[in-house]
Amino acid sequence: MANVTDLQSKYSKLAQEYSKLRAQNQVLKKGVVDEQANSVSLKEQLKQRDQSLRKQEQEMDSLSFRNQQLAKRVELLQEELAVSEAKGKKGKGKGDSPSQHGLQTQNVFDEDLQKKIEENERLHIQFYEADEQHKRQEAELKTRLQELEKDSEQHQAVVGGLTTKYMETIERLQSDKARIEVKSQTLEREAKECRMRTEECQQQLRRCQSELNRQVKQSSSVIQEKVPFNDTKMSDYNSLNVPPHNRRHQLKARDVAAQALSFIQDLVAALLNFHSYTEQRVHIYPLDSSIEPISPLNQKFSQYLHDNAAYVRPLEDSFLQLHQSITEDTVTVLETVVKLKSFADHFSSYTHFLQKILPYQLKSLEEECRASLCTATLAAKNQELQSDMKRVTSVFEKLQNYINLLALPSVQQDALPQSSTSAVFTQLAACLHSLHDAIKELSKHYIQKASLEQELPTITQKLCTTTECLLGSLGSLTNSTGKIATFFSNNLDFFTSPGYSPRGSTVALNPLQAESMLANKKKAAAYIHAIKKPRPQSVPYREALSNRRILTSSTESREGLTQQVQQSQEKIARLEQEKEHWLLEAQLGKVRLEKENQRIGDLEVQLKAALGGSLNSQTAAASTLVHCHEEADKELEAAGKESSTLCTSLVGMLCTTPTIEHVGDEQSREQLIKTHYMVRVGELTTQLQISDSKAVHFHSECRALAKRLAIAEKSRETLSEEVKLANQNITRLQDELTTTKRSYEDQLSMMSDHLCSMNETLSKQREEIDTLKLGSKGNAKKNKGR
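Model, not experiment: these values are computed from the prediction.

Focus: the overall build of the chain
Along the backbone of the chain there are 15 helices and 2 strands. Classification of the 786 residues of the chain by burial places 24% in the buried group. Here the contacts in the chain between residues at least 6 apart in sequence split such that 87% fall between residues at least 24 apart.

Written out as structure tokens, the structure reads:
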């Protein structure tokens, strides 16, 4: 059962780790989703920028078309200007009115041309600015796209690592689950067997109880009539009135001690965690020791808290010794439980430790109140915690007093009367309930304080985690004290009831009576055991006479039988020696064959290495061969000598000497052979049982391995499918990436070509405009000169 509990605890720890990793995986998945959303938004922005770029290209096309129209218009105007100049030359003598009309039209055309030139310059400037802005945005988007690709690769790597880690943990958990299932099946079988045994034991117990009740009635009547011994003059002789040993009381006491030990262990673990996390909090708040030194008061307080295990651990150890001292063969009362005094002493030392650290706790809370960021409500909660600390320390002092009172009768007789023992136990139960209430109030106020500290702006993650651990230790401390209080209240009747008391008196049991009680118990057990032993049956007189006649008749042929037995034994020994000799011969032949094979292999190696070496090496090999033959002959002779003294068979080993004389009759010989074969049969049955148990164990292991193999095959198939899907996704994403890269490169090349053509057209238009300007200026000067 301990292995199952260990496996369950490991399985729960693995499940907790799996839940933590799953939460981290969800966070990472969320981050990946956010990054994917960001990449999608950036792609949309890129699409919008492409659309705007296309619009600008369309505008550029429209502007170029407008430019061409303007150029054609300028050409038409120039042609009209030339025509008008030719007409003016022809009509010089006709008067001033036509010339004035020509000048007006020329001014209108100049103004129109100037406006078109300004509009063209403005459009050219806008186009240049739009081109520069597009280049900047394109560069920014490229850098952003590269960063996002790097982030996505990192996230994919993290996700891949986490998935592999999760699969490993899942496989480990599945293997543990399969192993636990196998163990649970074996435990179920054992439980079924135990149920059958318990049913049989219950039936036997009912029969025994009915028989014992009958015997108890008879013995009680005898005891009431004859056994009581009360001396009214000398009360010291009343110690002879030894009470009977109460086995039920001892079993109940051991059960109660075991339950109390588990609760004390939980209490010790909770106190250790509480003091340790309090020490960590002192180093973090109100001043962090890693950044700046804490106050001397808190340094002293942390030193005291660091030594808490020296006061808390002995509580568990001393109570464990107390539990081990309570057995079925002892007498458990306050006068005989000596180990309770050591527990009381360790509890007193822990109470003194609490009294020693109480002023430091109060000063530390006052120092927190003096902090700059401490609010009024937080200061009020610190004051409530101070009162709770004082109350808890006072309750521990009361518990110390009551436990010392209960431990006093084991040191000093008649120190605590029987009438006041029940009152002490009831007060101790009430004190345990008050301790539970005080710890509960302390935990509640600490929770409220932690919620207020969460609202502070300078709170750190380290302080948050330490406070959470401290609250968890307070919760476990509250649960353990509550369990101890309810346990003590439920068993208060057992504690207050007198388990042992002398007959005819209400005085408590002293150690002398306990020793005599145990001695009487041992004597009674030995007497009952002696009664239950089977007695040898007596032989009738006539049967003894007939046996004597048979014995006297058999003595005549004893000599002949002994000679036959000696001859047969010598023959058997000789045959066994020959058998052992030939077995040794066979073994020696095997050994010599192995040596010859090894020598041949060595010679082949030497021949291959030396490739027909010198004569010295051949002589050395021959000498080694002769030496090996001599050693084999010596071993054979030694084995032959040994085989002359030892003879083994399937039954056992027989040591024979030629001078042994076998003396005995037929019955003794048959008895010896029977015992020998019974011992051999018993050994074979034990070997058979061991082999059966091994076979069952191997069968269960094979079943578990088959289950694990099936689970591994399923997981391998699922993983292979996932790997295929992942590879498909990777190839698809790579294809998309290459297509997008190609499209972007094509678009960029097209844009660069288009920009080059636009620049060329703009330069041509500038040159044409410059020529037109120069031509218009020359025409204006000519007109003015005319």
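Here's the deal with the confidence of the model for the chain
Counting all residues, the mean pLDDT for the chain is 76, and 78% of those residues have values of 70 or more. Mean pLDDT per element in the chain: strand S1 (residues 646-648) is the minimum at 40, and helix H9 (residues 461-490) is the maximum at 89.

Observations regarding the packing of helix H5 (residues 309-325) against helix H6 (residues 339-369)
Where H5 contacts H6, the axes come no closer than 9 Å and their chain directions differ by 165°. Classified by the interaxial angle, the pair formed by H5 and H6 is roughly antiparallel. Both H5 and H6 take part in a crossing whose hand is left-handed. Mapping the contact onto sequence places Tyr311, Val312, Pro314, Leu315, Ser318, Phe319, Gln321, Leu322 and Ser325 in H5 and Lys339, Leu340, Ser342, Phe343, His346, Phe347, Ser349, Tyr350, Phe353 and Lys356 in H6.

A few points about a negative patch on the surface
Taken together, the side chains of Glu75, Glu79, Glu80, Glu767, Glu768 and Asp770 make up a negatively charged region of the molecular surface. Elements that contribute at least two residues to the negative patch include exactly helix H1 (2-90) and helix H15 (666-785). If you trace the backbone, Glu75 turns up in helix H1. Its relative accessible area of 49% is what places Glu75 among the partly exposed residues.

Concerning the nonpolar core
Counting 54 residues, the largest nonpolar core has Leu340 and Tyr350 as the members making the most contacts within it. Filtering out sequence-adjacent residues up to four positions away, Leu340 remains in contact with Leu322, Leu334, Leu406 and Ala407. The next biggest cluster of nonpolar side chains, apart from the first, holds 10 residues, and it includes Phe274, Leu358, Met389 and Tyr446.

Details of a positive patch on the surface
A surface patch of like charges, here positive, comprises Arg189, Lys192, Arg195 and Arg703. The element contributing the most residues to the positive patch is helix H2 (residues 96-226), with 3 residues. You can see Arg189 is positioned in helix H2. With relative accessibility at 40%, the residue Arg189 sits in the partly exposed group.

Remarks on the packing of helix H4 (residues 296-306) against H6
The contact between H4 and H6 brings their axes to 10 Å, and the two run at 145°. Regarding H4 and H6, the two cross each other, and that crossing is left-handed. Contact residues: Leu297, Asn298, Lys300, Phe301, Tyr304 and Leu305 in H4; Phe353, Lys356, Ile357, Tyr360, Gln361, Lys363, Ser364 and Glu367 in H6. Classifying every residue of the contact of H4 with H6 gives 7 nonpolar, 3 polar and 4 charged.

Let's talk about the side chain of Glu279
Considering the arrangement of structural elements, one finds Glu279 in helix H3 (residues 247-284). Among buried charged residues, Glu279 stands out as having no salt bridge; its nearest opposite-charge side chain is Arg313, 13 Å away. Looking at Glu279, its side chain comes within polar contact range of the side chain of His306, at 3.3 Å. If near-sequence neighbours (up to four positions away) are discounted, Glu279 is found in contact with Ser302, Leu305 and His306.

Brief notes about the pattern of salt bridges
In the structure shown here, the tally under the stated rule is 15 salt bridges. Here Arg179 makes a salt bridge to Asp176, at a shortest N to O gap of 2.4 Å. Of this pair, Arg179 and Asp176 both sit in helix H2, separated by 3 residues, roughly a single helical turn. You can call Arg179 partly exposed: its relative accessible area is 33%.

Focus on H6
Across its 31 residues, H6 extends 45 Å between first and last C-alpha, which sits within 8% of the 45 Å expected from 1.5 Å per residue. Maximal helix bending in H6 amounts to about 35°, located at Ile357; proline Pro359 follows within four positions.

Some thoughts on the side chain of Gln361
Residue placement: Gln361 occurs in helix H6. Among the residues examined, Gln361 registers a relative accessible area of 9% and is labelled buried. Not counting the four nearest positions on each side in its chain, Gln361 is found in contact with Phe301 and Met389.

Observations regarding the environment of Ile459
Within the secondary structure, Ile459 is located in the loop between helix H8 (418-454) and H9. What Ile459 contacts, discounting residues up to four positions off in sequence, is Glu453, Gln454 and Cys464.

A word on the packing of aromatic side chains
Under the criterion given, the structure shown has 13 aromatic pairs. Measuring from ring centre to ring centre gives 4.8 Å for Phe488 and Phe495, while their planes differ by 25°; the resulting arrangement is stacked. Among the aromatic residues, those joined into a cluster by ring pairs are Tyr311, Phe319, Phe343, Phe347, Tyr350, Phe353 and Phe396.

Reading the values: rules and limits
Residues numbered from 1 in each chain as written. Predicted model: local features only at pLDDT ≥ 70, side-chain atom pairs only at ≥ 80, totals over all residues. Heavy atoms only, no water. Helix = DSSP H or I, 4+ residues; strand = E, 2+ residues; numbered from the N terminus. Buried < 20%, exposed > 50% of the residue type's maximum accessible area, 1.4 Å probe, protein only. Contact = heavy atoms within 4.5 Å. pLDDT = per-residue confidence, 0-100. Axes fitted to C-alpha atoms, helices over the stretch in contact; angles between N-to-C directions. Parallel < 35°, antiparallel > 145°, perpendicular 65-115°, else oblique. Left-handed = near helix turned anticlockwise from the far one by under 90°. Patch = residues over 30% accessible without salt bridge, like charges linked within 9 Å, V, L, I, M, F, W, Y side chains within 5 Å. Areas by Shrake-Rupley, 256 points an atom, 1.4 Å probe, with all protein chains shown as cover. Salt bridge = Lys/Arg side-chain N within 4 Å of Asp/Glu carboxyl O. Lys, Arg positive; Asp, Glu negative; His and termini not counted. Charge placed at Lys NZ, Arg CZ, Asp CG, Glu CD. Core = buried A, V, L, I, M, F, W, Y, C linked by side-chain atoms within 4.5 Å. Nonpolar A, V, L, I, M, F, W, Y, C, P; charged D, E, K, R; others polar. Polar contact = N/O pair within 3.5 Å; in protein donor to acceptor, adjacent residues only side chain to side chain. Expected span 1.5 Å × (residues − 1). Bend = angle between axes of the 7 residues up to and from the residue. Phe/Tyr/Trp six-rings, centres within 6.5 Å; stacked < 30°, edge-to-face > 60°.

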